[in-house]
Each structure stands twice: as structure tokens, then as C-alpha cells.
Amino acid sequence: MVKTTIKEIDKINFDDVMSVSEKFCSDMNNYKLTTIKLPENIIVESEFKENRIRRTKRMFDEICSDESPINPKQKFKVEVFLCIIDQLKTSLSERFTNNTSLIVDMQYLLPKHFKDLKSDDLPESALKKLSTLSSVDHPLLIAELKYFASIYNAVIQPLNKPNRLSYDSNDDSSHEEDDENNDNLYELNTDIRTGCDKAMRKNNNNGHNRDSCLLCVHKLIYSLNMHSPLYANLFTAIEFVLTLSVSQVNCERVFSKLKIIKNRLRSSLGNEHLEAFILMTVEREILDEIEFEDILEIVKSSSPLMSKLLSKY
């Protein structure tokens, strides 16, 4: 996957990028003049400015002359465009090449690769890196994953039904038990897909492939109460993978929140309160789902004094 991405990056042509950029500048200028009606002197420049040539000082005995000035467009290509391409390729190689074994182990946890686990000729290094990082027993992890892969289709098949079963209204008594079981399956299917659907809507993606969704596997094991003790090692490994940060964005976001919370007016804030404030700020989406009444009841039950003070609320 990384090699394919790097090859696609190599195919990026500078002339194509420039043509698209020039078209964008032209469209924006026309849009501003016709729709926004801004003054004509406010434009998006589509050409590079030619800066004054700076001549370097030479000693009297130097024979070489000054380098000929390069075209601003060529200068942009060398100093900006090619640097970005090189940085992309280097970052991809360093970030993913060092974690190749972990990425390979993560693929075994996806349902679309469960058919490969039915054979007994798995490599010795399979899931070894993941078991070491997640602090689980390697042989037990492989055994649990193989057994779960063998029963996955039987477990997931009832959940693939899109709608509840409908029966004739005159025959309710004979299908009362089936209705109850079907409702339970429907609620379980809805619960499993809740988190995935939120992520899909957030990314403007309406499609959902359960065979490629590790979060669905996690919710399935948890909802069916199979995470302890039957698949304890497998559940721990899946949770470890789901908590891995794909990029440094989340880490940088935490430091940004830290600067906002612990400013010069809160310089004496203790570690305990600081950790609580950061957790509430970073996990804001989870915090918004918690009802205020539930928090109030927990605070009331902490001490008789708090219960007395908050009794009127």
C-alpha cells in the first residue's frame, strides 16, 4: 500500500498542477467580479512575481560569474514543489516502513482476512508484534482469533438482515417469541453500527463495509459478552489497535488545548485537575452525550454534604 502510494505521488506532474492552479485563479477572479462584486484591483494572482536579482560579492581573483537567474516558475518548482514531494515520500516511508510488522498483524484482525486464518500454515511472526505491544499471550491470541474467525459468519449472518421481520397481524400469538428474538437482533445490529455510522457521516461517506471495519468486530464481541474470558486476549489486542493514533494530529491538538487551559491565569493548576480538564476538552463529543442529571446524581452520592447542598436541583 505504501509503495503504491509513493508511486502515485511520483506521477504528480508539475505542469498539471500549474494548469489546475491557473484555472482556479481565473475562476476565482471571475467569481469575485460577477458574484461578490469586489473591486477589480483585488485579484488572485496567477503568475509569479519576478524579484530583483541579487548579485553576490566576488573577490577580485574569482573567475566564475554569477549564476544566471532562474525563472520564478522554475524556482517555485525546485524550492517548493519538489521539496513537498520529497517530504511526502520520506514521511510515508519512515512512518509506515518502521511499523510494517504491526500493520501486517492488524490485517489479520479484519473479517475480510478471516478466511486466511483457517489454514494452519500461518507465519511464525504472525501477530507477534501486536501481542508484544498489547501485552497478551501470543499463542492464546492466535488460538482465540482462529476460533472467532471460524464462527464469525454464523454469528454475523442474523445481523445482516436490514429490517425487522414482519408477520401477519392475525398471527401474533404464534410468532411472539420470534418477534422478541428478532427485536433483540435488530437492537444489537443497531448498537453495533451506531459508532460506525457516526464516523461515516463525519467523513461524508454513506457506504459501510462491515468486513473491513475493526470497530464492528469490537462492538460485536462486546455486545455478545464474549470479551471475557472467552476472547480476552483478542479483545485486548483489538482495543489496542483502535486506540492507536494514525497521525500526530491528536497529539498536537492535546498540546493546543493544554496551552488554552493552563494559561498565565491558571499557572498554579494541579496535575489532577489539569488532567481532568484536558480529558473533558479532548473527549468533548463523549462529554456532550452524558446527561447533566446523571452527573448531578454522582456528585450528590459522593458525600452527605453535597447531597444536602444539591438537593434543591
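Residues numbered from 1 in each chain as written. Predicted model: local features only at pLDDT ≥ 70, side-chain atom pairs only at ≥ 80, totals over all residues. Heavy atoms only, no water.

> Could you give me a rundown of the environment of Ala-149, with the residues and numbers involved?
Looking at the secondary structure, you find Ala-149 in helix H6 (residues 138–156). The buried category is assigned to Ala-149, whose relative accessible area is 6%. When the C-alpha atoms of Ala-149 and Asp-116 are compared, they prove to be 9.4 Å apart, with 33 residues separating the residues in sequence. What Ala-149 contacts, discounting residues up to four positions off in sequence, is Phe-114 and Leu-117. (Helix = DSSP H or I, 4+ residues; strand = E, 2+ residues; numbered from the N terminus. Buried < 20%, exposed > 50% of the residue type's maximum accessible area, 1.4 Å probe, protein only. Contact = heavy atoms within 4.5 Å.)

> Quick rundown of the nonpolar core? Include the residues and the values.
Formed by 29 residues in total, the largest nonpolar core has its most connected members in Leu-109, Leu-145, Phe-148, Ile-221 and Leu-234. Those elements giving two or more residues to this core turn out to be helix H4 (100–108), H6, helix H8 (214–223) and helix H9 (232–242). Beyond its immediate stretch of four places on either side in the chain, Leu-109 contacts Phe-114, Leu-130, Leu-145, Leu-214, Val-217, Leu-234, Ile-238 and Val-241. Formed by five residues, the second largest nonpolar core is a distinct cluster that contains Ile-9, Phe-14, Phe-81 and Ile-85. (Core = buried A, V, L, I, M, F, W, Y, C linked by side-chain atoms within 4.5 Å.)

> So what about a negative patch on the surface? Which residues, and what values?
Taken together, the side chains of Glu-291, Glu-293, Asp-294 and Glu-297 present a region of like negative charge at the surface. Turning to its location among the elements, Glu-291 is positioned in the loop between helix H12 (284–289) and helix H13 (292–300). By relative accessible area, which is 47% here, Glu-291 ends up partly exposed. (Patch = residues over 30% accessible without salt bridge, like charges linked within 9 Å, V, L, I, M, F, W, Y side chains within 5 Å. Areas by Shrake-Rupley, 256 points an atom, 1.4 Å probe, with all protein chains shown as cover. Salt bridge = Lys/Arg side-chain N within 4 Å of Asp/Glu carboxyl O. Lys, Arg positive; Asp, Glu negative; His and termini not counted. Charge placed at Lys NZ, Arg CZ, Asp CG, Glu CD.)

> Give me H4: which residues, what numbers.
Note that an α-helix has 3.6 residues per turn; residues three or four places apart therefore point the same way. Those residues of H4 lying buried are Leu-102, Asp-105 and Tyr-108. Across the axial projection of H4, the buried residues extend over an arc of 105 degrees, all falling on one side. Where H4 is buried, its residues meet helix H5 (128–133) and H6. (Arc of directions from axis to C-beta.)

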